[in-house]
Amino acid sequence: MTYHLSIFMENRPGKLEKITKILSDNNINIRAISLASAGEFGVAKLLVNKGDQAFLALKNQNITVSKRKILVILIPDAPGAMYDLLVVLSEKDINLEDCYGFVVESKKQAALVIEAEKYPQAESALREKGYNLLSDQELSNI
Amino acid sequence: MYWEKHIETLDEKTLKETQLKMINETLGKAGEAPFYRNTPIKQIKTLKEFNEVPFTKKQDLRDHFPYGFLRKDLAEAVRLHSSSGTTGNPTVVFHTKADIKNWTNQVTRCMYMIGVRRQDVFQNTMGYGLFTGGLGLHYGAEELGALTIPIGPGNSRRQIWFMRTFGTTVVHILPSYALRLYSLFAEMHLDPKKDTKLKIFIIGSEPHSEKLRRQIEGLFGVKAYNSYGLSEMCGPGVGFECPCQDGIHLWEDYYYVEVINPKTEEPLPPGEEGELVLTTLQKEAMPLLRYRTGDLTRIIPGRCRCGRIHKRIERIKGRADDMLIINGVNLFPIQIEETIMKIPGVGNNYLIEVKTENFMDKLYVKVEVDNKIFEGTLSGLTHLQNKITGELKTEITVTPVVQLAEPGSLPVWEGKAKRVRDLRKN
């Protein structure tokens, strides 16, 4: 399963710093990050190179963290690429619960991270159209 | 200036004799209630002997919920008032028709004493319902013959509109709310001193300082009188300031007044600060003997210049227990604890903070989330936050600001005191 880490955080100075310190101390690389806030508190989603190790390290420090299943899809780093992908999903009436992306190789390749509500359908719809979904191993090798 | 001159200005000797007689009647009546039935209660010959009667505590009312203190058949009761919530049993008080009449008389006496007359227009901004603040004053004002506007709390624009449209002269109001209301007057470019007919404020239900009272008087151009009461006795009307504004007279034909050291339970002489203890002298449905009010005050020695014999206490200094008063609503931290701990997703620690915001009390409840059941979504967290807010509102009737905190971020349980931070001014 490909997953990212979802972390509950109070929306205050130093909170994110504490998380990154734990990851730094454990020599974990952050691939991408997204933050969503509900005012006083929020949730940080972190995509890292060594998920299991990061999860344990955070747990050990009493951080409220959970693993969330994701799909990481490689797309061209070019105009319209994200649109093309989203058409595939919306045609199947698949809703996204979270979404962010990062560039893998400038002007050549980007990755889109999604949390979807219907995983098997989302996965098969994307594979049918020839999209490359990254495995855990592939992800950590980026 | 007296509603019942013969009672208000009674001589000391007659008052003491009357009280002795009434205490013995009350001891007899109380013995008919299940709670007191097993306590050996003998008639007394002197008031000093009354010191041997055991105290009644709030916890007794809870432990013998709901009918343990009811001495009359339920059919005789005509009214029930209750404290907030259902956790650990609320404090429920019953009244017969005679009790309501007596309560009304106490309130009428209080209002007449501070100058309210039948020509007055009385706007009652206290809450109606199970809370005694609204209904208590309401009956007294009507008995007096004043036009009574039972508007209840909130909706400040409407409050001001009623005041101006119907020429309100007397207002029953929380002191904190009076300041908030004034800020709206100012915002509307109105001056209560010129643009209303206000002359008397009855302020109560929450502790406040002399400074705050004078501030209210200055802003509105009124005389503000401190009202004291508790639902276990009846509600507002138990005691009131007279025009001298030098202490709260407690009606000694209705209550036997003592102040004790809350730790040793020894009665204290006038002038010394301790916990106020009251015994009902005319209550029919639910007589209470030596009831520990939890309110800290002292009896002011000497007679009042107004000529009334009834003892005066100083404004309430605070509580002997951990009860919180939030905008006039009484609640206990345990109600909050029991409510939130039942909710899945709530962790081990919480912190209660009370602050002053925009002149009013604001209750903050910080709750640690449970590490184990976090499923990683923001919507799950806001759902938890809304659930905690809703359940607390149901229990304590106050809407708190619920803040979710990371596990381990709040002070660890070391007794109740650390879990409540009262950061209010005044």
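Some words on the overall build of chain A
Right, on to step 1. A count of helices and strands for chain A gives five helices and eight strands.
Right, on to step 2. At 16 Å, chain A has a C-alpha radius of gyration in line with the 14 Å of a compact globule built from 142 residues.
Right, on to step 3. Based on the C-alpha atoms only, the size of chain A along its principal axes is roughly 40 × 30 × 25 Å.
Right, on to step 4. Sorting the 142 residues of chain A into buried and exposed places 25% on the buried side.
Right, on to step 5. Contacts in chain A between residues far apart in sequence, at least 24 positions, make up 68% of those at least 6 positions apart.

Looking at the overall build of chain B
Right, on to step 1. Looking only at helices and strands, chain B features 12 helices and 20 strands.
Right, on to step 2. Expected size for 426 residues packed as a compact globule is a radius of gyration near 22 Å; at 23 Å, chain B falls within 12% of this value.

So, the sheet that holds strand S6 (residues 96–105) of chain A
Residue and element names in this part refer to chain A.
Right, on to step 1. An order of S6-S7-S5-S8 is seen for the four strands of this open sheet, with the pairing classed as antiparallel. Both edges of this open sheet fall to S6 and strand S8 (132–133), since each of them pairs with a single strand only.
Right, on to step 2. Contacts from helix H3 (residues 81–91) reach strand S5 (71–76) and strand S7 (109–116), with the element oriented near 135° to S5.

Things to note about the domain arrangement of chain B
Residues and elements named next belong to chain B.
Right, on to step 1. Segmentation of chain B into domains returns domain 1 (5–321) and domain 2 (329–422).
Right, on to step 2. On a C-alpha basis, the centres of domain 1 and domain 2 stand 32 Å from each other.
Right, on to step 3. Residue-level contacts link 11 residues of domain 1 with 14 residues of domain 2.
Right, on to step 4. Class assignment of the residues belonging to the side of domain 1 that touches domain 2 gives a composition of two nonpolar, eight polar and one charged.

Considering the nonpolar core
Right, on to step 1. Ranked by size, the top nonpolar core spans 72 residues in total, and within it Ala178(B), Phe201(B) and Tyr255(B) carry the most contacts.
Right, on to step 2. Leave out the neighbours within four places in its chain, and Tyr255(B) touches Met233(B), Val238(B), Leu250(B), Leu278(B), Thr279(B), Thr280(B) and Leu281(B).

Thoughts on the interface of chain B and chain A
How big an interface is tends to be reported as the loss of accessible area on association of its parts.
Right, on to step 1. Taken residue by residue, the interface counts 16 residues in chain B and 14 residues in chain A.
Right, on to step 2. Secondary-structure elements contributing two or more residues to the side of chain B that touches chain A are helix H12 (378–396) and strand S19 (401–405) of chain B.
Right, on to step 3. Split by residue class, the side of chain B that touches chain A holds seven nonpolar, seven polar and two charged.

Some words on the packing of helix H5 (residues 97–113) of chain B against helix H6 (residues 132–144) of chain B
Residues and elements named next belong to chain B.
Right, on to step 1. Contact geometry for H5 and H6: axes closest at 8 Å, N-to-C directions at 70°. Classified by the angle their axes make, H5 and H6 are roughly perpendicular. Here H5 runs over H6; the crossing is right-handed. Across the interface between the two elements, Trp103, Thr104, Val107, Thr108, Cys110, Met111 and Tyr112 from H5 touch Gly136, Leu137, Tyr139, Gly140, Ala141, Glu143 and Leu144 from H6.

Here's the deal with the domain arrangement of chain A
Residue and element names in this part refer to chain A.
Right, on to step 1. Here chain A is partitioned into domain 1 (3–69) and domain 2 (71–141).
Right, on to step 2. The distance between the C-alpha centroids of domain 1 and domain 2 comes to 22 Å.
Right, on to step 3. Here the side of domain 1 that touches domain 2 gets three residues from one element, more than from any other, and that element is strand S2 (residues 30–37).

Let's talk about the confidence of the model for chain B
Right, on to step 1. For chain B, mean pLDDT is 94; residues scoring 70 or higher make up 99% of the total.
Right, on to step 2. Across the interfaces of the predicted complex, the ipTM metric reaches 0.88, alongside a pTM of 0.86.

Here's the deal with the environment of Tyr350(B)
All names here are of chain B.
Right, on to step 1. Locating tyrosine 350 in the fold gives a position in strand S17 (residues 346–357).
Right, on to step 2. Along the sequence, tyrosine 350 and proline 411 sit 61 residues apart, while their C-alpha atoms lie 8.0 Å from each other.
Right, on to step 3. With residues up to four places along the chain from it excluded, the contact list for tyrosine 350 reads Glu337, Ile340, Val365, Lys366, Val367, Glu368, Leu410 and Arg419.

Details of the packing of helix H7 (residues 156–165) of chain B against helix H8 (residues 175–187) of chain B
Residues and elements named next belong to chain B.
Right, on to step 1. H8 packs onto H7 with a crossing angle of 75° between their chain directions and a minimal axis gap of 10 Å. One way to sum up the angle between H7 and H8 is to call them roughly perpendicular. Across the interface between the two elements, Ser156, Arg157, Gln159 and Ile160 of H7 pack against Arg180, Leu181, Leu184 and Phe185 of H8.
Right, on to step 2. Its residues assigned to classes, the contact of H7 with H8 comprises four nonpolar, two polar and two charged.

Let's talk about the environment of Thr56(B)
All names here are of chain B.
Right, on to step 1. Mapping threonine 56 onto the fold places it in the loop between helix H3 (34–37) and helix H4 (58–63).
Right, on to step 2. Taking the C-alpha atoms as reference, threonine 56 lies 34 Å from threonine 389; in sequence the two are 333 residues apart.
Right, on to step 3. Not counting chain neighbours up to four residues away, the residues in contact with threonine 56 comprise Leu288, Leu289, Arg290 and Tyr291.

A short note on the sheet that holds S17(B)
Residue and element names in this part refer to chain B.
Right, on to step 1. Spatially, four strands are ordered S19-S18-S17-S20 in an open sheet, and the strand pairing comes out mixed. Edge positions in the sheet fall to S19 and strand S20 (420–422), since each has one partner strand and no second. Here the average twist between neighbouring strands, direction ignored, is 20°.
Right, on to step 2. Packed on one face of the sheet, H12 meets S17, strand S18 (360–369) and S19 and runs near 140° to S19.

So, how was this worked out
- Counting of residues starts from 1 at the beginning of each chain's written sequence and follows it residue by residue.
- All chains are assigned letters beginning at A, and all ligands numbers beginning at 1, according to the order in which they are written.
- Local features in a predicted model are, by the rule used here, given only for residues with pLDDT of at least 70; side-chain atom pairs are given and counted only at 80 or more, and totals for whole chains, interfaces and linings are based on all residues.
- The helix and strand labels rest on DSSP assignments: H or I over at least four residues marks a helix, E over at least two residues marks a strand, and numbering proceeds from the N terminus.
- Computation of the radius of gyration draws on C-alpha atoms alone. For the globule rule, the value is 2.2 Å times the number of residues to the power 0.38.
- Residues with at least 20 other C-beta atoms within 10 Å of their own are called buried, those with 12 or fewer are called exposed, and the rest are partly exposed. The C-beta atoms themselves are positioned from the backbone.
- Whether two residues are in contact depends on their C-beta atoms, placed from the backbone: they are in contact if these lie within 7 Å.
- Think of it this way: DSSP has to see at least two bridges between two strands before they count as a pair.
- Axes, fitted as lines to C-alpha atoms, cover a helix only where it is in contact. Angles between the N-to-C directions of the axes lie from 0 to 180 degrees.
- An automatic or database domain assignment is the source of the domain bounds shown.
- By the convention adopted, Pro, Cys, Tyr, Trp, Phe, Met, Ile, Leu, Val and Ala count as nonpolar, Lys, Arg, Asp and Glu as charged, and the other residues, Gly among them, as polar.
- Joining buried Ala, Val, Leu, Ile, Met, Phe, Trp, Tyr and Cys residues through C-beta atoms within 7 Å gives a set, and that set is a nonpolar core.
- Roughly parallel covers angles under 35 degrees, roughly antiparallel covers those over 145, roughly perpendicular covers 65 to 115, and oblique covers all other angles.
- Note: crossing handedness is left-handed where the near helix turns anticlockwise from the far helix by less than a right angle, and right-handed where it turns clockwise.
- pLDDT is a per-residue confidence score from the predictor, ranging from 0 to 100.

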